[in-house]
Structure formats: C-alpha cells, structure tokens
Amino acid sequence: MRTALRHLAWTLPALALLAGCNGGESAKPEPHAVATYAPATWQDLPAVSDEDLLAGFYAWRSGCEKLKRDPVWAATCEAAGSDTASAAQVRTFLEQNLQVYGLRSADNTANGLITGYYEPVYPGSLKRTEAAHVAVYGVPDDMIVVDLASVYPELKGKRLRGRLEGRVLKPYDTAEVINRDGVKAPVLAWLTDPMDLQFLQIQGSGRVQLEDGRQLRLGYADQNGHPYRPIGRWLVEQGQLKKEDVSMGSIHAWAMANPQRVPELLASNPSYVFFSTRPDSNEGPRGSLNVPLTAGYSVAIDRKVIPLGSLLWLSTTRPDGTPVVRPVGAQDTGGAITGEVRADLFWGTGPKAGELAGNMKQQGQIWMLWPKGKPLPDVPKVP
C-alpha cells in the first residue's frame, strides 16, 4: 500500500476533516519543529491486554526482516528474535530495550487524528465489458520519475514525475485528463464504477472480484505527481455535504444520486494512482515497508515524524467509542497521512473492515517506543 501503502493509504473522513486536534497537556519544552517527542515512562502508557500486547509486538516484529541493516532498529530487531514469547517476556524485552516518548504536535498538543483504512474488494473483469468499463492502469510507459535527493540530499523522499516534450520535462497529466483521455499504460483490470476506482486509489491497494470467482490483487505502484486533494472536502465546499457527515458511504451515496456530477467530483482531486498486480495471498497487503500489513496492528504514518518500522503505542477508540489501546507497527505511509500526531489504522479486507475504516475519525494519542541510546528523528522545522 501504504504502500500508500506504498499506498496512498487514507480514508475519506480523515481527509474531509484534515482536522486539527483538540485537548493536550501542559507545556513541555517550547515547540520548535513540526512535532516534538516528550520523554515519558512506561507507567505513563495506558494499560493494554496481554492479547493486544502480543499481537502488536508480533505485527511490529514482522517488519524486522526489512530493518536488518537499519542504523536505528537493526540491533533491537536482532534482540527481538523470532521465537514465540509470553506477554511477560515481551514486556521485559520492551522495557529493557526501548525508551518511551509521547508524540506532540508543534503547539505541544498530545491528541491527534486517528483514522482507518482497509483493502477493498470491487467487482470487475480482466476484459472490458458493457458493465466493466473503468480502467485500472499500471504505470504509464511515458512517465519519467526523477529522484530529487540525487541532486538535493535535503529533499530525501521527494520525486518529480512528468513527461518529456522535446527536451522539456512537463508535469504529468492530472486525474481529470487521465479519466477523460486515458493514458499510455497497461490496463490491469476493468471496474464497474468510477467511484470504486477512486476509493481504490485512496486506499492504495485492493482486490478485483472476477466473474469466475477468482480475485485479482492490486497494489500501489506509482502516482502522477500531482497533490492529493480530498473529494470529501470538495463536497463540503460545494455545500453538498456537511463536514461531520463525510464518509465513504455518504460520498458514494451522493455519487449515486448525482451521476452527472461524478466527473466534476473526481476532477477536484488531481492525484492519480497507478497499480501493479500482486500475488494472491491470505496475508494482508504490503505497505510501504514492504511487509504484509496486520489487521488492527499496522498503521500508516507520516515518515517525516515517525520513521517506517517504528514501534508505537496507540490509544484511541473505535467509532462506537470502545477503546483501542495496543502497540502497533508503523509499516505504511499515505499521501494524506501528514503531520504531527497522526495515524491511519489498517483494519483488514472487505466490507466489514471498510465500514469500520470509513467511519473512523477518532481522537487519540501516540507514544513512540524508541531504541535506547539512539538519536531521535530530526523532524522538519515549523515554517
């Protein structure tokens, strides 16, 4: 994903709000960066059940296969081993190897926005039919990707995408142009609903349910280089929905009632995601860390604030108010998961996970469990 997942992992409620967070604690050191890390103790963490402790620990540890040479996490991952452990052993390991830091926003707020995402399953076909006529594209043949860090190291993680016209690199087509005119790219599948494609791009991965009963698995491959703009926000600006009512369900209902305006809705978001096929598996989709995501225990984060592979302690609620307190692995990123105290919790595959993810726009707190003796991340300064 991811991905965002390498994914643009995100859900609509979060982006319609992109909301500031409420609450917070008394001031610690004067904030000087996009986020700060407030030293805390293990006793400061909210209690977690043994079941959630073990599930979260194993989910995080699954990412260690990608962190063997990481300067921060390699030694801790090696010490984590691969054997089955008891809850008591995990608690001892964590306290011996990791230091607790409370994540704070630039204004020293402890609470932030916690949303959810999932792996959708949409009806479709490998061939274009009267019903399945919405193309899911692979990476375009004519799109050029420039890694800006190769010239400007301070722009690590930034890439420029475009198309050559003569000797000039021009921005690649927007989603509006691609939706209208197509693109020079392989078609991986055909969906029946343009809104399904939009939601697939937002989630960053998904499955296509084929007529013969098989499922085609798709994952994020690349993006057209244009900024993501939430379609939920556009509906609010147009007076079509109230901000508090925005969800995947309400947006889809609006599209069903206003089919003539769907192209206008989709054009409001210039970002466009291209996919690749993935092997079928019972595992979760692979996130930006390139390990399978674990339902309920993997999160997408802003890597400018939380490095990929980090172990976090999350305290939030489900949409019905029941608590969610557990360690989680920072194993994915998302185009809309940006800034400060922010996480997107992966809930799994299919409609049930989608309903939970689509309604999740909760307040929550995040603690970072960081290897002892290692320097904290160098986050960007506040503009």
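Residues numbered from 1 in each chain as written. Predicted model: local features only at pLDDT ≥ 70, side-chain atom pairs only at ≥ 80, totals over all residues. Heavy atoms only, no water.

In the nomenclature of an unreviewed UniProt entry, the protein chain corresponds to Membrane-bound lytic murein transglycosylase A from the organism Pseudomonas promysalinigenes. Under the UniProt heading Catalytic activity (unreviewed entry), the note attached to the protein chain is "Exolytic cleavage of the (1->4)-beta-glycosidic linkage between N-acetylmuramic acid (MurNAc) and N-acetylglucosamine (GlcNAc) residues in peptidoglycan, from either the reducing or the non-reducing ends of the peptidoglycan chains, with concomitant formation of a 1,6-anhydrobond in the MurNAc residue." Word for word, the UniProt comment on the protein chain under Function (unreviewed entry) is "Murein-degrading enzyme. May play a role in recycling of muropeptides during cell elongation and/or cell division." (UniProt positions renumbered as here; feature names shortened; annotations may be inferred.)

J.: Sorry, what's going on with the pairing of strand β4 (residues 121-125) here?
T.: On any regular strand, side chains alternate: one points to one face of the sheet, the next to the other face. Sheet topology note: the β4/strand β10 (residues 205-209) ladder contains 3 bridges and is parallel. Residue pairing in the sheet places P123 in a bridge with Q209 of β10. When β4 meets strand β9 (residues 187-191), the two strands line up antiparallel, connected through 2 bridges. Paired with S125 across the two strands is W190, which belongs to β9. (Pairing = 2+ DSSP bridges. Helix = DSSP H or I, 4+ residues; strand = E, 2+ residues; numbered from the N terminus.)

J.: Can you walk me through the layout of surface pockets in this structure?
T.: Its volume calculated, the second largest pocket comes out at about 390 Å³. Considering the residues around the second largest pocket, the lining is formed by 21 residues, among which I178, N179, R180, P194 and L266 are closest to the centre. Put simply, the parts of the chain that give the lining of the second largest pocket at least two residues each are β5 (134-137), α5 (175-181), α6 (194-203) and α9 (262-267). It is α5 that contributes the most residues to the lining of the second largest pocket, 5 residues altogether. Of the residues that constitute the lining of the second largest pocket, the class distribution is 12 nonpolar, 5 polar and 4 charged. (1 Å grid on protein atoms, 1.4 Å probe; cavity = no way out; pocket = protein on both sides within 12 Å on 5 of 7 lines; lining within 4 Å. Points joined across faces, edges and corners; volume = space filled by probe spheres on them. Nonpolar A, V, L, I, M, F, W, Y, C, P; charged D, E, K, R; others polar.)

J.: How should I be thinking about the pairing of strand β3 (residues 112-119) in this particular structure?
T.: Across the 8 residues that make up β3, a large majority, 8, are buried. Relative to strand β16 (residues 342-349), β3 is paired through 6 bridges, and the arrangement is parallel. From the neighbouring strand, G116 faces β16, where its bridge partner is L345. (Buried < 20%, exposed > 50% of the residue type's maximum accessible area, 1.4 Å probe, protein only.)

J.: Would you mind going over helix α2 (residues 50-61) with me for this structure?
T.: One full turn of an α-helix is made of 3.6 residues, so residues set three or four places apart face in the same direction. Taking 1.5 Å per residue as the helical rise, α2 with its 12 residues ought to reach 16 Å, and the 16 Å between its terminal C-alpha atoms agrees with that figure. For α2, the full list of buried residues reads D52, L53, G56, F57, A59, W60 and R61. Where α2 is buried, its residues meet α3 (74-80), α4 (87-97), β14 (311-317) and β15 (323-333). (Expected span 1.5 Å × (residues − 1). Contact = heavy atoms within 4.5 Å.)

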